[in-house]
Amino acid sequence: MLCYPATKAGRRYTYRLAPTMAVYLLFLFIAQWSFHHLHPTGLIVYVLAVLPALPLIGSLVVVGLYIAEESDEFERSVLIQSMLWGFGGALAISTIWSFLEDFAQAPHISAFYVYVLFWIFMAISQPFIRRRYQ
Amino acid sequence: MKNRLRILRAERDWSQADLADRLEVSRQSVNAIETGKFDPSLPLAFKLARLFNSPIESIFTDETE
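Residue positions are given per chain, counting from 1 as you read along its sequence in written order. Here the convention is simple: chains get letters from A, ligands get numbers from 1, in the order in which they are written. Local features in this predicted model are restricted to residues of pLDDT 70 or higher, and side-chain atom pairs are both shown and tallied only at a pLDDT of 80 or more, whereas totals for entire chains, interfaces and linings draw on every residue.

Our focus in this paragraph is the environment of D39(B). Residues and elements named next belong to chain B. Here a helix means four or more residues in a row that DSSP labels H or I, a strand means two or more in a row labelled E, and each is numbered from the N terminus. If you trace the backbone, D39 turns up in the loop between α3 (27–34) and α4 (42–52). Exposure criterion: with C-beta atoms placed from backbone coordinates, a residue whose C-beta has 20 or more other C-beta atoms within 10 Å is buried, one with 12 or fewer is exposed, and one in between is partly exposed. D39 gets classed as partly exposed once you count the C-beta atoms within 10 Å, which come to 13. Distance in space between the C-alpha atoms of D39 and P55 is 16 Å, their sequence separation being 16 residues.

This part is about the interface of chain B and chain A. We call two residues in contact when the distance between their C-beta atoms, placed using the backbone, is within 7 Å. Each partner contributes to the interface: chain B provides eleven residues, whereas chain A provides eleven residues. The leading source of residues in the side of chain B that touches chain A is α3(B), at four residues. Per-class residue counts for the side of chain B that touches chain A are four nonpolar, five polar and two charged. We call Asp, Glu, Lys and Arg charged. Ala, Val, Leu, Ile, Met, Phe, Trp, Tyr, Cys and Pro are nonpolar, and the rest, Gly among them, are polar.

This next bit is on the packing of helix α4 (residues 73–104) of chain A against helix α5 (residues 112–132) of chain A. Residue and element names in this part refer to chain A. Only the stretch in contact is used when a helix axis is fitted, and all axes are lines through C-alpha atoms; the angle between N-to-C directions ranges over 0 to 180 degrees. Running from N to C, α4 and α5 cross one another at 135 degrees; their axes reach a closest spacing of 7 Å. As judged from the angle between their axes, α4 and α5 are oblique. Note that α4 runs across α5; the crossing there is right-handed. Between α4, through V78, Q81, S82, M83, W85, G86, F87, G89, A90, I93 and S94, and α5, the contact on the second element is made entirely by V114, L117, F118, W119, F121, M122, S125, Q126, I129 and R130. Residue classes in the contact of α4 with α5 are distributed as 13 nonpolar, seven polar and one charged. When describing relative orientation, an angle under 35 degrees is termed roughly parallel and one over 145 degrees roughly antiparallel, while 65 to 115 degrees is termed roughly perpendicular and anything else oblique. In this scheme the handedness of a crossing depends on how the near helix is turned from the far one: anticlockwise by less than a right angle means left-handed, clockwise means right-handed.

All names here are of chain A. The domain boundaries here were taken from an automatic or database domain assignment. Domain boundaries in chain A define domain 1 (1–71) and domain 2 (72–134). Centre-to-centre separation of domain 1 and domain 2, based on C-alpha positions: 19 Å. On the domain 2 side, the residues contacting the ten residues of domain 1 number ten residues. Tallied by class, the residues present in the side of domain 1 that touches domain 2 amount to six nonpolar, three polar and one charged.

Turning our eyes to something else, we now look at the nonpolar core. Membership of the largest hydrophobic core comes to 16 residues, with the highest contact counts inside it found for Y66(A), F74(A), A20(B), V25(B), V30(B), I33(B) and I59(B). Mapped onto this core, the elements with two or more residues apiece are α3 (53–69) and α4 of chain A together with α2 (16–23) and α3 of chain B. Setting aside anything within four residues of it in sequence, one finds V25(B) in contact with D72(A), F74(A), A20(B) and V30(B). For the purposes of this analysis, a nonpolar core is taken to be any set of buried Ala, Val, Leu, Ile, Met, Phe, Trp, Tyr and Cys residues that are connected through C-beta atoms within 7 Å.

A negative phi angle characterises most non-glycine residues, just as the trans form characterises most peptide bonds. Within the chain, H39(A) stands out as a residue other than glycine whose phi angle is a positive 45 degrees. In this structure, H39(A) sits in the loop between α1 (8–37) and α2 (43–50). A positive phi is found at E24(B), a non-glycine position, where the angle reads about 60 degrees. If you trace the backbone, E24(B) turns up in the loop between α2 and α3.

Right, let's talk about the confidence of the model for chain B for a bit. All names here are of chain B. The pLDDT value expresses, per residue, how confident the predictor is, ranging between 0 and 100. The share of residues in chain B with pLDDT of 70 or more is 97%, and the mean pLDDT across the chain is 92. For chain B, strand β2 (residues 60–61) is the element with the lowest average pLDDT, namely 90, and α4 is the one with the highest, namely 95. The ipTM, which scores confidence in the relative placement of chains, is 0.88 for this predicted complex, and the corresponding pTM is 0.84.

The next thing to look at is the packing of α2(B) against α3(B). Residues and elements named next belong to chain B. Between α2 and α3, the shortest axis-to-axis distance is 8 Å and the interhelical angle comes to 105 degrees. One way to sum up the angle between α2 and α3 is to call them roughly perpendicular. Of the residues in α3, those in contact with Q16, A17, L19, A20 and L23 of α2 are R27, S29, V30 and N31. Of the residues assigned to the contact of α2 with α3, the class counts are five nonpolar, three polar and one charged.

Right, here's the structure in full:
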């Protein structure tokens, strides 16, 4: 959703996504600060490591809620199509990159970037999807 | 799917935004349906029929016929 959402569900999506991203930044800061200053050990290492991932999973739930709540079938269709581009693009690039890592000594990239690629492809595809219906 | 939405709208002097408000959808949705590039679901088609007080088959044309 690149511009101001046209529907109530779209606005709720934006209002939910913004605090989710703020919580992500907070949890990321907490995790980084803790690993840097407190040098945790044991179970707490796993808890702190997973902490920033929780709001990111939450952001996917926010997308799911939007799909469930959006009564405008055209807007819902555009978002679902853009999600398919997001999933497809992220999987395609990460698959290609993993083979480049295996066979062409490409530098290792964190699996976290699959999530980033999903959103990039999703955002880029939306205007093109909308253009098809004009 | 071809339709007479533009004509029906013009008869009532409604803009796409006016129709979108009445249907509780976005203006882009109305545009996509009007250009025949997005087929509405049955509930939305019935809503349009009620709004224009016309049967569905007089608003939409099945191009396969």
